[in-house]
Amino acid sequence: MQRIRLRYTKRGRLRFTSHRDFQRAFERALRRAEVPMAYSAGFTPHPRVSYANAAPTGTGSEAEYLEIALAEPRDPEKLRELLDESMPVGLDIIDAVEARTSGLADRLTASVWELRLEGVEVADAERAIEAFLAAEAVEVQRRTKNGMRSFDTRGAVVSLEAVPAPADRPLDNACAILRLVVRHLTPAVRPDDVLSGLRAVADLAPPVPAAVTRLAQGLFDEESGTVTDPLAPDREAVTAAPPTAAVAADAWGSPQRSEGEPEGPAA
């Protein structure tokens, strides 16, 4: 059984799709692309697809991840192209790699978010950021399925800054753009929680809902302060190892194996 890890996006109006909506669209794409999926055992077998840390409904993303298990080996890039052609525009499959390491979910420890605050002056945003970062704790409340819950947002925030607005924006239209790096803790701290924290410490209240996009997701590097690519270890392992049936495939449906080569990595 071969495992393939995919990176996909939620762009434009498709950011309003729920995780369940995406699951339905992706499973239809698997059928259209005739992907030879491996299935679970039991009375109701289903395709073996594992989703990792999906973004909240209403937020855009350039870095969502999932893993699929195949019953037959395939070339990752050809599979990516076929799946991308079968998905709605905005839900784009932009990267694929054969899984050669374990623990993809364990490598998703932090996210980089961009928050566009229309109608907010950059100077006002900077003052709110300064107050937020100076606080030891910033308590906010969020409604959950078990009722209202209070938790600290400050501890999860690694960095928060205002970045310059695009040069093509009208000068008379205020827009503050925030760049946020947040650790994945329990309970999870979301971008809207940080906005609630900015409102609590500095009364920063955008006149319209913020446009939120996840720019990256991966392992947080303590030394550099950056979020690294979670698929990089798999790429490095593929480069270092001999070609597998999936990499050596010269066509979508007819992989060529060298004599004595195994069918693929173990699940």
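Preceding this section is the structure that the text describes.
Here the structure is a predicted model, which means the values were calculated and not measured.

1. Comments concerning the layout of surface pockets
Its volume calculated, the largest pocket comes out at about 210 Å³. Surrounding the largest pocket, 15 residues form its lining, N53, P56, A188, V189 and R190 being those nearest its centre. Going through the elements one at a time, β5 (110-118) and β9 (175-183) are the ones with two or more residues in the lining of the largest pocket. Class assignment for the residues of the lining of the largest pocket results in 9 nonpolar, 3 polar and 3 charged. Computed from the structure, the second largest pocket encloses a volume of approximately 160 Å³. Every residue along the wall of the second largest pocket is listed here: P56, T57, T59, R190, P191, D192, L195, P209, A210 and V212. When residues of the lining of the second largest pocket are assigned to their parent elements, the largest contribution, 3 residues, is made by helix α4 (residues 191-202). Looking at the lining of the second largest pocket residue by residue, the class counts come to 6 nonpolar, 2 polar and 2 charged.

2. Some details on unusual backbone geometry
The omega torsion across T186 and P187 is 0°, close enough to zero to call that bond cis. Mapped onto the elements, P187 comes out in the loop between β9 and α4. One non-glycine residue, N53, lies in positive phi territory at about 50°. Within the secondary structure, N53 sits in the loop between β2 (49-52) and β3 (60-70). For D203, which is not glycine, the phi dihedral falls at a positive 55°. Take D203: its relative accessible area is 62%, and that puts it in the exposed class.

Cut-offs and rules
Residues numbered from 1 in each chain as written. Predicted model: local features only at pLDDT ≥ 70, side-chain atom pairs only at ≥ 80, totals over all residues. Heavy atoms only, no water. 1 Å grid on protein atoms, 1.4 Å probe; cavity = no way out; pocket = protein on both sides within 12 Å on 5 of 7 lines; lining within 4 Å. Points joined across faces, edges and corners; volume = space filled by probe spheres on them. Helix = DSSP H or I, 4+ residues; strand = E, 2+ residues; numbered from the N terminus. Nonpolar A, V, L, I, M, F, W, Y, C, P; charged D, E, K, R; others polar. Buried < 20%, exposed > 50% of the residue type's maximum accessible area, 1.4 Å probe, protein only.

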